[in-house]
Structures are given as structure tokens and as C-alpha cells.
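Chain by chain, the residues:
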Amino acid sequence: MLPNSLGHSAATGVRAMPQTKPLVIVTRKLPDPIETRLMELFDARLNLDDHPFSRDELSAAMAEADVLVPTLTDRLDSAVMAQAGPRLKLLANFGAGTDHIDIASAHQRGLTVTNTPDVLTEDTADMTMALILAVPRRLTEGERLVREGKWTGWTPTFMMGHRLWGKRLGIIGMGRIGQAVARRARGFGMTIHYHNRRRLHESVEQGLEATYWESLDQMLARMDVISLHCPHTPATYHLLSARRLALLRPHAYLVNTARGEVIDENALVRMLSKGELAGAGLDVFEHEPAINPKLLTMDNVVLLPHLGSATLEGRVEMGEKVLINIKAFIDGHCPPDRVLPGL
């Protein structure tokens, strides 16, 4: 579809880009095949040393680019958004989450925002299941013991953990990732429970053999393992507050591969320190990359550096979605992964 003389697609209302190669500024290093394709298709400016952009660099990129490709390390708030130049029309986010972008401000300024959904489900679910296994069975604690030369041999009562079979898993956020975790956990003999903004269709519930809890508080008080899979929004900030964390039973485990801000991390640390919670598996943190120093000293906590979606296959698929969104926009079509305010 060719854009009309005003630079808009008559069918979609999406502003098309100039016919010359647009300047696409990428804020972080992406997989080589994606960067190569960006260079072929566009006037691409890459981040060769993969340094996080400062606010000044972000502002400069916003002022100069036709298309900006940010990631979750880039805080695009209203102040940075105000630096957008007249050429900037598209923020093609590399990542599914957009909580680092002020979507409403972008929309007000006529900027289209896209993301990369639906390609990280299986990778994140794999990592979640790895943490669900690692914490109760004390895998990283045992691995450290071996590496430090402190293991003196097998005994019947050495480093006993807890089995997963027959335990109750409570999933908070039963979207694609939550459902993928549920399918895996059923294979380990866990019973599936969930809390979600909307109840799943009966056929999906039956397929997962999942029990719905309208009350999050009631579910938390009855589970053996809690796994978080909700996005970070103003409504989910500290969803697991000190009050809600106190509802968990002392033998329960908490796993988070979603966003760190969903948990009151200080309250979690206090509970772990006092033995009021059996353990936690954390791939994300409230103030990452900063981590509460007390977490680093705890043997009953598995800490990972935000690896949930870190597979080569997943990153390449994310990059391919970025390419498709940019190309569709330039050609005057509505990008397939457009993000609108309030969604």
C-alpha cells in the first residue's frame, strides 16, 4: 500500500515514513543477524559496545532519529519523550514489556509504539520451571558446596530439600507464560491454581486442570509455591505487599520471572531473614541491576541476572518482530504489534 500525498495510509491512518532510508537508532547491541538486516534495510546506527544509553544520549537519539529501537534498560518517561524531534515517528521496542515507556505521552505526541510479544513464552516458562525445581531441591546451594570443596560425602540426612510432586502451585497472571508454566508443572505432579484479572475459559481450565481463585489473598494462604507472571503496571506495583507476603505459609516458596517491582523486595528480605518463608527464586529485582545485599548472603535464595528470555532463538525472534514492525510502518501499514495506551 502506497502512502498518500500527506504521508498517511488511507486505510490505516498510520503515518508512513519517507521513501529514503530512515535513520534507525538502536540503543543496545542485538544479535548479529538482526543488526546485519537492520543495516541492509535502513540507515541504522548500532550500539557496538552495548553500553546503556544515558538520559542525554536517549534525548539526543529521540531528537535525531526517524525510528528508535529501545529496550527495557531505557527509561522513556515524559521528560525524555519531550525531546522527540519532528522526524521521530516510531518507537519499535525490543521486548514484550513496555512499562519503561510512557505510552500515553508517546501517543499524545503522535508516536507509534510497538513491542515484541508472543516469542518468549516457552523460554520464560522453562526458566520459571528451573527455579521452581532449584529452590526446594537446593540445587545452587549444593553446587556452591561442591565448587568450594566443602562436600565430604553422602549421608542420609545431608541437604534434604522438598519434592514437587503433590505440591500446590499458585500462578499469578495466567496469560501465555503462566499457562506454559502450568503445563510444565503438571508434568512434575503439581496441582495448578491461579489468580487472574479474568477467569480463563472453562475449556482452558479443564485442559490445565487449573483451579481459579477470585481472591488473591485466599490463594496465597494455601499454596506451596507461588509463581509471578503479571506485567508491571501501576495496578501491580507491590502487588505482593508486606501484608500479602505475610499470608504465605512458612514452608512456601516464591518465584519471580516477571518484574521485580511486583514484589515489595524489602518485605520479602525481612521474611526470608526471619525464616517466615522457605525460599525464593528471583530472576528480576525491584531496583535491578542493584540487588539487596542481604539477598546475596542467603542460601535459600536462587538469584539470576534476568535470564528468563535469554536464548539465542528468542532474541532473534524478538529482533525479527522489530524488523517487521519497522518495515510495516515505513510501508504505510499498521504495525502488527502496535501498543496503545491502557493496554
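The structure displayed is predicted, hence computed values, not measured ones. (Residues numbered from 1 in each chain as written. Predicted model: local features only at pLDDT ≥ 70, side-chain atom pairs only at ≥ 80, totals over all residues. Heavy atoms only, no water.)

Notes on the pattern of salt bridges
Logical step 1: Within the structure shown, the criterion is met by 23 salt bridges.
Logical step 2: The partner of lysine 29 in a salt bridge is glutamate 35, and the shortest N-O contact between them spans 3.2 Å.
Logical step 3: Note that arginine 259 is salt-bridged to aspartate 99, the shortest N-O span being 3.3 Å. Of the two residues, arginine 259 is situated in the loop between strand E10 (253-256) and helix H11 (265-273) and aspartate 99 in the loop between strand E4 (90-92) and helix H4 (103-108); the sequence distance between them amounts to 160 residues.
Logical step 4: Overall, the relative accessible area of 25% leaves aspartate 99 in the partly exposed class.
Logical step 5: Several salt bridges converge on common partners, so that one network encompasses Glu122, Asp126, Arg183 and Arg184. (Salt bridge = Lys/Arg side-chain N within 4 Å of Asp/Glu carboxyl O. Helix = DSSP H or I, 4+ residues; strand = E, 2+ residues; numbered from the N terminus. Buried < 20%, exposed > 50% of the residue type's maximum accessible area, 1.4 Å probe, protein only.)

So, empty space enclosed by the protein
Logical step 1: If you walk through the whole model with that rule in mind, you get 3 cavities of 30 Å³ or more.
Logical step 2: Space inside the largest cavity adds up to approximately 40 Å³.
Logical step 3: Looking at the largest cavity, the residues that line it are Ile103, His107, Leu111, Thr112, Val113, Arg338, Val339, Leu340 and Pro341.
Logical step 4: When contributions to the lining of the largest cavity are tallied by element, the ones reaching two or more residues are H4, strand E5 (112-114) and strand E13 (338-339). (1 Å grid on protein atoms, 1.4 Å probe; cavity = no way out; pocket = protein on both sides within 12 Å on 5 of 7 lines; lining within 4 Å. Points joined across faces, edges and corners; volume = space filled by probe spheres on them.)

Some thoughts on the packing of aromatic side chains
Logical step 1: Here the structure, examined in full by the defined rule, presents 1 aromatic pair.
Logical step 2: Ring geometry for tyrosine 194 against tyrosine 212: centres 5.2 Å apart, planes inclined by 50°, an arrangement best described as tilted. A residue pair is termed long-range when its members are at least 10 positions apart, and tyrosine 194 in strand E7 (residues 191-195) and tyrosine 212 in strand E8 (residues 210-212) qualify at 18 residues. In terms of burial, tyrosine 194 and tyrosine 212 fall into one category: buried. (Phe/Tyr/Trp six-rings, centres within 6.5 Å; stacked < 30°, edge-to-face > 60°.)

Brief notes about the sheet that holds E10
Either a parallel or an antiparallel arrangement is found when strands of a sheet pair, and the pairing is made through backbone hydrogen bonds.
Logical step 1: Read from one edge of the open sheet, 7 strands run E8-E7-E6-E9-E10-E11-E12, paired in parallel fashion. The outermost strands of the open sheet, each flanked by one partner alone, are E8 and strand E12 (301-303). When the angles between neighbouring strand axes are averaged without regard to direction, this sheet yields 20°.
Logical step 2: In this sheet, E7 lies alongside strand E6 (residues 168-172) in parallel orientation, the contact comprising 5 bridges. When the bridges of E7 are listed, isoleucine 172 appears paired with histidine 195. (Pairing = 2+ DSSP bridges. Axes fitted to C-alpha atoms, helices over the stretch in contact; angles between N-to-C directions.)

Some thoughts on the UniProt feature "domain: D-isomer specific 2-hydroxyacid dehydrogenase catalytic" (unreviewed entry) in the protein
Logical step 1: Within the UniProt annotation, "domain: D-isomer specific 2-hydroxyacid dehydrogenase catalytic" (unreviewed entry) is assigned to residues 33-339.
Logical step 2: Split by type, residues 33-339 is 35% helix and 14% strand. Its first and last C-alpha atoms lie 25 Å apart. (UniProt positions renumbered as here; feature names shortened; annotations may be inferred.)

Some words on the domain arrangement of the protein
Logical step 1: Partitioning the protein into structural domains gives domain 1 (23-115 + 311-339) and domain 2 (121-303).
Logical step 2: One C-alpha centre belongs to domain 1, the other to domain 2, and the line joining them spans 32 Å. (Domains from an automatic or database assignment.)

Observations concerning the packing of helix H1 (residues 32-41) against helix H12 (residues 312-330)
Logical step 1: Where H1 contacts H12, the axes come no closer than 10 Å and their chain directions differ by 15°. In this view, H1 runs roughly parallel relative to H12, as classed from their interaxial angle. Judged by the sense of rotation from one axis to the other, the crossing of H1 with H12 is right-handed. Every residue of H12 that contacts H1 at Ile34, Arg37, Leu38 and Leu41 is listed here: Val316, Gly319, Glu320, Leu323, Ile326 and Lys327. (Parallel < 35°, antiparallel > 145°, perpendicular 65-115°, else oblique. Left-handed = near helix turned anticlockwise from the far one by under 90°. Contact = heavy atoms within 4.5 Å.)

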